[in-house]
Amino acid sequence: YPLCALAVSDERPVSTQSTWAAYFIWMNEIGRPAFVKANPDADIGTIGKALGEEWKAMSDKAKETFKNKAEKAKRKYETALEKYRKTAEYKKYEAEKKAFKEKQCNKRKRRRRKNEPRSAKKAKAPKRSKSRSKSRSASKPKASKRPR
């Protein structure tokens, strides 16, 4: 995200972090290491598909420890985020984000104006059809009526 300047250290701002679901915690702690050890030449698609099927087959009791870890991580993240939102760094981030959005909005408006026609041309009168004669006098004279 262009507005979140990453610190020199490896820590990311709290606003760009997120928590993992129970599945991802299980996958990184147990699932992936075990599967890769058993299948060292498996590609990432195969690994993901196999681990997804294994997770679905697991009982709720087996998943419970990972769900608890995910909930605990989520609570920790939410408290850290609330604390972060009270800092000057967050206020600076929000101001930069607002300025960026306004700049993008102005760019879109300029592009729209650029694509619009410069001035609307005056509508021309419709042309006469060729089947209509231009004047009655130019046509052949009618034959006179003969008395009977």
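Residues numbered from 1 in each chain as written. Predicted model: local features only at pLDDT ≥ 70, side-chain atom pairs only at ≥ 80, totals over all residues. Heavy atoms only, no water.

Visitor: What's the story with the nonpolar core in this structure? I'm lost.
Guide: Soluble, globular proteins show a tendency: their nonpolar side chains are buried together. Counting twelve residues, the largest nonpolar core is built from Ala-22, Tyr-23, Ile-25, Trp-26, Met-27, Phe-35, Ile-47, Leu-51, Trp-55, Met-58, Phe-66 and Ala-70. The set of elements that each furnish at least two residues to this core consists of helix 1 (22-38), helix 2 (44-57) and helix 3 (60-84). By residue number, the principal contributor to this core is helix 1, which donates six residues. If we ignore the near neighbours within four places in the chain, the residues touching Ile-25 are Trp-20, Phe-66, Lys-69 and Ala-70. (Core = buried A, V, L, I, M, F, W, Y, C linked by side-chain atoms within 4.5 Å. Buried < 20%, exposed > 50% of the residue type's maximum accessible area, 1.4 Å probe, protein only. Helix = DSSP H or I, 4+ residues; strand = E, 2+ residues; numbered from the N terminus. Contact = heavy atoms within 4.5 Å.)

Visitor: When you look at a positive patch on the surface in this model, what are you seeing that I'm missing?
Guide: Together, Lys-103, Lys-107, Arg-108, Lys-109, Arg-110, Arg-111, Arg-112 and Arg-113 make up a positively charged patch on the protein surface. Residue position: Lys-103 is located in helix 4 (residues 88-115). (Patch = residues over 30% accessible without salt bridge, like charges linked within 9 Å, V, L, I, M, F, W, Y side chains within 5 Å. Areas by Shrake-Rupley, 256 points an atom, 1.4 Å probe, with all protein chains shown as cover. Salt bridge = Lys/Arg side-chain N within 4 Å of Asp/Glu carboxyl O. Lys, Arg positive; Asp, Glu negative; His and termini not counted. Charge placed at Lys NZ, Arg CZ, Asp CG, Glu CD.)

Visitor: Hey, could you run me through the packing of helix 1 against helix 2 in this one?
Guide: Any two packed helices are characterised by the angle at which their axes cross and by the distance between the axes. Viewed as axis vectors pointing N to C, helix 1 and helix 2 meet at an angle of 115 degrees, and their least axial separation amounts to 10 Å. Considering the relative orientation of helix 1 and helix 2, their crossing is right-handed. Each of Ala-22, Tyr-23, Trp-26, Met-27, Gly-31, Arg-32, Phe-35 and Val-36 in helix 1 lies in contact with helix 2, whose residues at this interface are Thr-46, Ile-47, Gly-48, Ala-50, Leu-51, Gly-52, Glu-54 and Trp-55. In terms of residue class, the contact of helix 1 with helix 2 is made up of ten nonpolar, four polar and two charged. (Axes fitted to C-alpha atoms, helices over the stretch in contact; angles between N-to-C directions. Left-handed = near helix turned anticlockwise from the far one by under 90°. Nonpolar A, V, L, I, M, F, W, Y, C, P; charged D, E, K, R; others polar.)

Visitor: Please explain the packing of helix 1 against helix 3 as it appears in this structure.
Guide: At their nearest, the axes of helix 1 and helix 3 sit 8 Å apart, and the two run at 115 degrees to each other. Here helix 1 lies roughly perpendicular to helix 3, going by the angle between them. Once helix 1 is placed against helix 3, the crossing between them reads as right-handed. Taken together, the residues of helix 3 that come into contact with helix 1 (itself represented by Ala-22, Ile-25, Trp-26, Glu-29 and Ile-30) are Phe-66, Lys-67, Lys-69 and Ala-70. Per-class residue counts for the contact of helix 1 with helix 3 are six nonpolar, no polar and three charged. (Parallel < 35°, antiparallel > 145°, perpendicular 65-115°, else oblique.)

Visitor: What is the right way to look at helix 1 in this model?
Guide: An α-helix turns once every 3.6 residues. As a result, residues three or four positions apart point the same way. The first and last C-alpha atoms of helix 1 sit 23 Å apart over 17 residues, in line with the 24 Å expected at 1.5 Å per residue. Of all the bends in helix 1, the greatest, near 50 degrees, is centred on Asn-28. Within the span of helix 1, buried status applies to Ala-22, Tyr-23, Ile-25, Trp-26, Met-27, Gly-31 and Phe-35. If you follow the buried residues of helix 1, they end up packed against helix 2 and helix 3. (Expected span 1.5 Å × (residues − 1). Bend = angle between axes of the 7 residues up to and from the residue.)

Coordinates in, geometry out; function isn't part of it.
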